[in-house]
Amino acid sequence: MTSEGRDLGARLRSRDLAAAPAALNLIEDRSPGARDEAARLLAEVSPAALGGEAPAHLVGVTGPPGAGKSSLLSVLVKEWRDAGRTVAVLAVDPSSRRSGGSLLGDRARIDHDPRDRGVLIRSTAAGGRLGGLAAPTRQAAQALAAAYEVVVIETVGVGQSETDVEEVCDTVAVVVQPGSGDTLQFIKAGIMEVPDVLVVTKADLGEAAARARRDLDAALRSLGSHEVPVVAVSSVPPPQGIEELVSALEGHRSALDLPLRRLRSRRMMALGELVAEHGDSALRGLGGRRAAERRLTREDPAADVAALVRALRAEAGVE
Ligand SMILES: Nc1nc2c(ncn2[C@@H]2O[C@H](COP(=O)(O)OP(=O)(O)OP(=O)(O)O)[C@@H](O)[C@H]2O)c(=O)[nH]1
Ligand SMILES: [Mg+2]
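Calculation criteria
Residues numbered from 1 in each chain as written. Chains lettered and ligands numbered in written order. Predicted model: local features only at pLDDT ≥ 70, side-chain atom pairs only at ≥ 80, totals over all residues. Heavy atoms only, no water. Helix = DSSP H or I, 4+ residues; strand = E, 2+ residues; numbered from the N terminus. Rg over C-alpha atoms; globule rule 2.2 N^0.38 Å. Buried < 20%, exposed > 50% of the residue type's maximum accessible area, 1.4 Å probe, protein only. Contact = heavy atoms within 4.5 Å. Areas by Shrake-Rupley, 256 points an atom, 1.4 Å probe, with all protein chains shown as cover. Donors = N, O, S within 2.8 Å, 3.2 Å for Na, K, Ca; no water. Near = heavy atom within 4 Å. Polar contact = N/O pair within 3.5 Å; in protein donor to acceptor, adjacent residues only side chain to side chain. Nonpolar A, V, L, I, M, F, W, Y, C, P; charged D, E, K, R; others polar. Expected span 1.5 Å × (residues − 1). Domains from an automatic or database assignment. Buried area = accessible area lost by both parts, 1.4 Å probe. Salt bridge = Lys/Arg side-chain N within 4 Å of Asp/Glu carboxyl O. Core = buried A, V, L, I, M, F, W, Y, C linked by side-chain atoms within 4.5 Å. Pairing = 2+ DSSP bridges. Axes fitted to C-alpha atoms, helices over the stretch in contact; angles between N-to-C directions.

Asker: I keep staring at the overall build of the protein chain and nothing clicks. Help me out?
Answerer: Helix and strand counts for the protein chain come out as 14 helices and seven strands. On C-alpha atoms alone, the protein chain measures out to a radius of gyration of 20 Å, which is about the 20 Å that the 2.2 N^0.38 rule sets for 319 residues. Across its three principal directions, the C-alpha atoms of the protein chain cover 60 × 45 × 40 Å. For the protein chain, the proportion of its 319 residues judged to be buried stands at 50%. A separation of at least 24 residues holds for 76% of the contacts in the protein chain among residues at least 6 apart in sequence. As displayed, the protein chain offers around 14,600 Å² of accessible surface, 49% of which is attributable to carbon and sulfur atoms.

Here it is in structure tokens:
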């Protein structure tokens, strides 16, 4: 039987980038029929169907509003494309919630050549809390990771808020602008996870950026995090620090135990989906979060998120 989802998933698996926009439309469509098809699509790009982990480098770019994330991505995307790598960016738009409008009047869009078939930029709606990713965004990242070489999720996050982006991505770059002492304080106080790469933007502003970089370096060293690179960049012409950032991101990825990070990520996403659908009572039915995590270790490491959610539901006795 033909299935739109299965067909799109198979096309993504064979790296047919022309299938990506329709795949994203299907994943974002919340009607019951579309959800069934989206599940079929995701099964086609699961580790089991791929015969291993999805090949993309999943990169999270997160930081306070206005830090310069989108401007940076404009130049990063160009750098990756010049190196011949295909890139998809999911830009999480927080403006659809709470503020009812954009957080900042001067927020930049990610620039790209619309005729270039090797790049896809897509806005997606935010999840329920700041830094939260809606299920369609997580699923879109998984689907795109089968087809593109780099998949980026841009989210607004300000340290105190949990960021799901850590759960979903292989490498998380936290982006701060000069003079934002908040991030420094959050890291020092242990409120914020130490990121994989720290980026200070707006290096064209001169001494302020250099100082921010030194302060962050010192803060990380005092925490014993010697290996976290701090990179200063400028996104206004002529761009600065971009090659250094690309190699810092790659360095992190190549030092990573990727199968382990992806396996943990799928387990966290499955727990998140269970709680989103059935509330904390489902976790209680499993004997608490720890017990639920232990339960997941009994599943096949190649199982995708949907299969893990099914296993948890069955165990918890929820429909
Ligand atoms: N001088 C200078 N300004 C920059 C640079 N990068 C970004 N900006 C400016 O900073 C403002 C915010 O930039 P964005 O790229 O929209 O920042 P963002 O982090 O994506 O913002 P949100 O998506 O709203 O959270 C814009 O006015 C940019 O022009 C830079 O390297 N140098
Ligand atoms: Mg932005």
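Asker: Is there a simple way to think about the coordination of the magnesium ion (ligand 2) in this case?
Answerer: Six octahedral donors around a metal ideally subtend angles of 90 or 180 degrees, whereas four tetrahedral donors ideally subtend 109.5 degrees. Protein-derived ligands of the magnesium ion (ligand 2) are Ser-70 (OG) and Glu-154 (OE), with the metal-ligand distances lying across 2.0 to 2.3 Å. Of the two residues, Ser-70 sits in helix α5 (residues 69–82) while Glu-154 sits in strand β4 (residues 150–156), which places them 84 residues apart along the sequence. Each member of the pair, Ser-70 together with Glu-154, is buried.

Asker: What is the right way to look at the site of ligand 1 in this model?
Answerer: Around ligand 1 lies a shell of 19 residues, among which Lys-69, Ser-71, Arg-107, Ala-108 and Asp-204 are the nearest. A distance of 3.2 Å separates an oxygen atom of ligand 1 from a polar atom in the backbone of Ala-67. Here an oxygen atom of ligand 1 sits 3.2 Å away from a polar atom, N or O, in the side chain of Glu-154. In the complex, the protein chains occlude 85% of the 650 Å² of accessible area that ligand 1 would expose alone. Of all the secondary-structure elements, those providing two or more residues to the shell around ligand 1 are α5 and β4. Per-element accounting of the shell around ligand 1 gives the leading share, three residues, to α5. A breakdown of the residues in the shell around ligand 1 according to their chemical character gives seven nonpolar, six polar and six charged.

Asker: What exactly am I supposed to notice about helix α3 (residues 32–44) here?
Answerer: Counting along an α-helix, one turn takes 3.6 residues, and residues three or four places apart therefore face a common direction. For α3, spanning 13 residues, the distance from its first C-alpha to its last is 19 Å, which sits close to the expected 18 Å at 1.5 Å a residue. Buried positions along α3 lie against α1 (4–13), α2 (20–28), α4 (47–50) and α6 (135–144).

Asker: For this particular structure, what's the right way to read the domain arrangement of the protein chain?
Answerer: How big an interface is tends to be reported as the loss of accessible area on association of its parts. Segmentation of the protein chain into domains returns domain 1 (1–51), domain 2 (57–254) and domain 3 (257–319). Residue-level contacts link 15 residues of domain 1 with 18 residues of domain 2. Surface buried jointly by domain 1 and domain 2 totals about 1,400 Å² across both partners, of which 67% is contributed by carbon and sulfur atoms. Ionic pairing is found between Glu-28 and Arg-122, a salt bridge with its closest N-O pair at 3.6 Å. Counting the contacts that link domain 1 with domain 2 gives one residue pair in polar contact (both at pLDDT 80 or more). Among the elements of the structure, α2 and α3 are those that each provide at least two residues to the side of domain 1 that touches domain 2. For the side of domain 1 that touches domain 2, the residue count by class is eleven nonpolar, one polar and three charged.

Asker: Got a minute to help me understand the nonpolar core in this structure?
Answerer: A general feature of soluble globular proteins is that nonpolar side chains tend to end up buried together. In this structure, Leu-12, Leu-41, Leu-144, Tyr-148, Ile-153 and Leu-216 are the most contacted members of the largest nonpolar core, which totals 69 residues. Val-77, Val-89, Ala-173 and Ile-242 belong to the second-largest nonpolar core, a separate cluster that totals 27 residues.

Asker: Mind showing me how you'd approach the sheet that holds strand β6 (residues 197–200) here?
Answerer: Neighbouring strands of a sheet are bound in pairs by backbone hydrogen bonds; such pairs are parallel or else antiparallel. Taken in spatial order, the seven strands make up an open sheet running β3-β2-β4-β1-β5-β6-β7, and their pairing is parallel. The sheet terminates laterally at β3 (119–125) and β7 (230–232), the two strands that pair on one side only. Each adjacent strand pair in this sheet contributes to an overall mean axis angle of 20°, direction not counted. Inspection of the sheet shows strand β5 (residues 171–176) paired to β6 by four bridges, in the parallel sense. Bridging from a neighbouring strand, Ala-173 pairs with Val-197 of β6.

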